[in-house]
Amino acid sequence: MQTNDNHQLFLDMQEHPENYTDSELEAMMDELDREPDVDKEWKRIRARSPLLTSLRRIAAVLIPVLIASGIAWAIIPQVISNDESNERDAETATVRQADTEGADVSPVRFNDVRLDSILGVVATHYGKAVEFRSSATRGMKFFTTWKPDRPLTDFIEGLNMFDGLQLTIQHDTIFVDAVAGKEDGE
Amino acid sequence: MEQLFRRHYARMLRVARTILGDEQESKDVVSDIFVALLSGRTTMMPGTEERYLLTSVRNQCLKRLRHECVKRQMALASVMTGTASDDMDADDERLADIDEFVAGSLSEQERRIFRLRFTDGCTYEEIAAAEGISRVAVWKHLSHALNLIKNHFKKQ
C-alpha cells in the first residue's frame, strides 16, 4: 500500500483476480483491512486543528507579556487548556467559515474567567490600558468568546450586555464601571 | 468529536484505502474531514454522522483522484467514475450515476457486497460473514462489480 508497485498490484488484483492465488488475494485484503493506530492518528489530527494551532500561537505571544505584567496566573490555564476543553471550544464557538476565512487568528473562549484577566489579554492585543473605576467589577467572571480579528468595540459591546457592568473606550484606555443598581445583583 | 473519530476512523480509512490504494493519501483524506469538523467549517446534522462521514470519504477520494490526475491512480479513477475529467461540477452527478447503475445492473448479492464495502466501510471478513461466503469470494464479487461499472461508464 505504500509504493507504486503495491498500488499497481492492488489495481491489477481488482481487475484480474483470476491471475492471483487465494493466498495472494488474502494478503492484499489483510493489508486493506489492517487496523489503524487510532490514538496516533487522533493526535495528528488534533495537531492540525486550526483552533488549537491559533491558541498556541496566541499563548506564545501573550504569555510573556502577561507574566511581565503580573496577571498571567488567571488566564494561562484558560488559554492553554487541555485538548478536551479546546475541542469543546471548537464545537461550541459560534464562529463559522464565513467569519474566519482569511483571519489570522481564531476565536478565544474564556470559560469562567475573571474580568480583569480577560481585559488584560484583550487590551494588550489592541494596545489599550485598562482602568477599573469600580473594584467590585474586577472579580466578575464570564463565559465569553473573543474574536481577535474583530474590532475591540465588538467585544466591549458584548460585555456591556451583561448586568452590572459598563465599559467605555476613551483614547487608549478601557474604563470599567459598575452600573448602579445592578452590581449588587452580581 | 473524539468519540466520533474513534468510532468511525477505521471504517473511513478502509473506504479510502479501497479507492485510493495509498496509505498516506487515505489518512490525509480522513484527516481533512475531521479537521474541517473541528474548525467549524463543516457541521453535521444530528443522527447522520456515520452516513455523512463515510459518504464524505468516498466523495473526497474520488475528487482527489480527479484533481491530482496522478497517472498511477487514473485506472482506479476510471473504474469508479468512468472518466478522467476535471469537471468538478459533475462529481455528484457521476456518483449518482454509479448508485443508479449499481441498483439496476448488479445482482442482488453484488449490490449488498458493494454497499457493505463502499458505503458502510465493512471489512472483507464482516462481509464474508454476513453473506456466508469466503473472503476471496467477496473480493471476486467486488472485482466483478467494479469491472462492470468500468465498462458501463466507458460506453458513455
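Residues numbered from 1 in each chain as written. Chains lettered and ligands numbered in written order. Predicted model: local features only at pLDDT ≥ 70, side-chain atom pairs only at ≥ 80, totals over all residues.

S.K.: Go over the nonpolar core with me, naming the residues and quoting the values.
M.R.: Counting residues in each nonpolar core, the largest one holds 36 residues, and the members touching the most others are B:M12, B:A16, B:V30 and B:V57. Those elements that place two or more of their residues in this core are α2 (22-32) of chain A together with α1 (2-20), α2 (23-39), α3 (49-68), α6 (108-118), α7 (124-131) and α8 (135-154) of chain B. Take this core: its biggest share by element is 8 residues, from α1(B). Ignoring sequence-local partners within four residues, the contact set of B:V57 consists of B:M12, B:V15, B:A16, B:V29, B:V30 and B:I33. (Core = buried A, V, L, I, M, F, W, Y, C linked by C-beta atoms within 7 Å. Buried ≥ 20, exposed ≤ 12 C-beta atoms within 10 Å, placed from the backbone. Helix = DSSP H or I, 4+ residues; strand = E, 2+ residues; numbered from the N terminus. Contact = placed C-beta atoms within 7 Å.)

S.K.: Give me the lowdown on the sheet that holds strand β2 (residues 129-132) of chain A, citing residues and values where you can.
M.R.: All names here are of chain A. Pairing is mixed in the open sheet, where 3 strands are placed in the order β2-β5-β4. A strand with exactly one partner marks an edge of an open sheet, and here the two such strands are β2 and β4 (166-170). Recorded for the sheet is a direction-independent mean angle of 20° between the axes of neighbouring strands. Relative to strand β5 (residues 173-177), β4 runs antiparallel, the two being bridged by 5 bridges. Bridging across to β5, Q166 finds its partner in D177. Here helix α8 (residues 115-126) sits on the sheet and contacts β2 and β5; the angle it forms with β2, its principal contact strand, is near 155°. (Pairing = 2+ DSSP bridges. Axes fitted to C-alpha atoms, helices over the stretch in contact; angles between N-to-C directions.)

S.K.: Lay out the pairing of β5(A) with the relevant residues and their values.
M.R.: Residue and element names in this part refer to chain A. Only one face of β5 is buried: it carries I174 and V176, and the other face, with T173, F175 and D177, is open. Inspection of the sheet shows β2 paired to β5 by 4 bridges, in the parallel sense. Its bridge partner being in β5, E131 is matched across the sheet by F175.

S.K.: A description of the confidence of the model for chain A should follow, citing residues and the corresponding values.
M.R.: Residue and element names in this part refer to chain A. On average, chain A scores 71 in pLDDT, and the residues at 70 or more come to 63%. When pLDDT is averaged over each helix and strand of chain A, the minimum, 34, is found for helix α7 (residues 97-100) and the maximum, 92, for α2. Contacts from residues 70-104, a stretch scored under 50 in pLDDT, to residues over four places away or in other chains number 54 contacts. For residues 182-186, every residue scores under 50 in pLDDT, and the model assigns this stretch 10 contacts once sequence neighbours within four places are set aside. (pLDDT = per-residue confidence, 0-100.)

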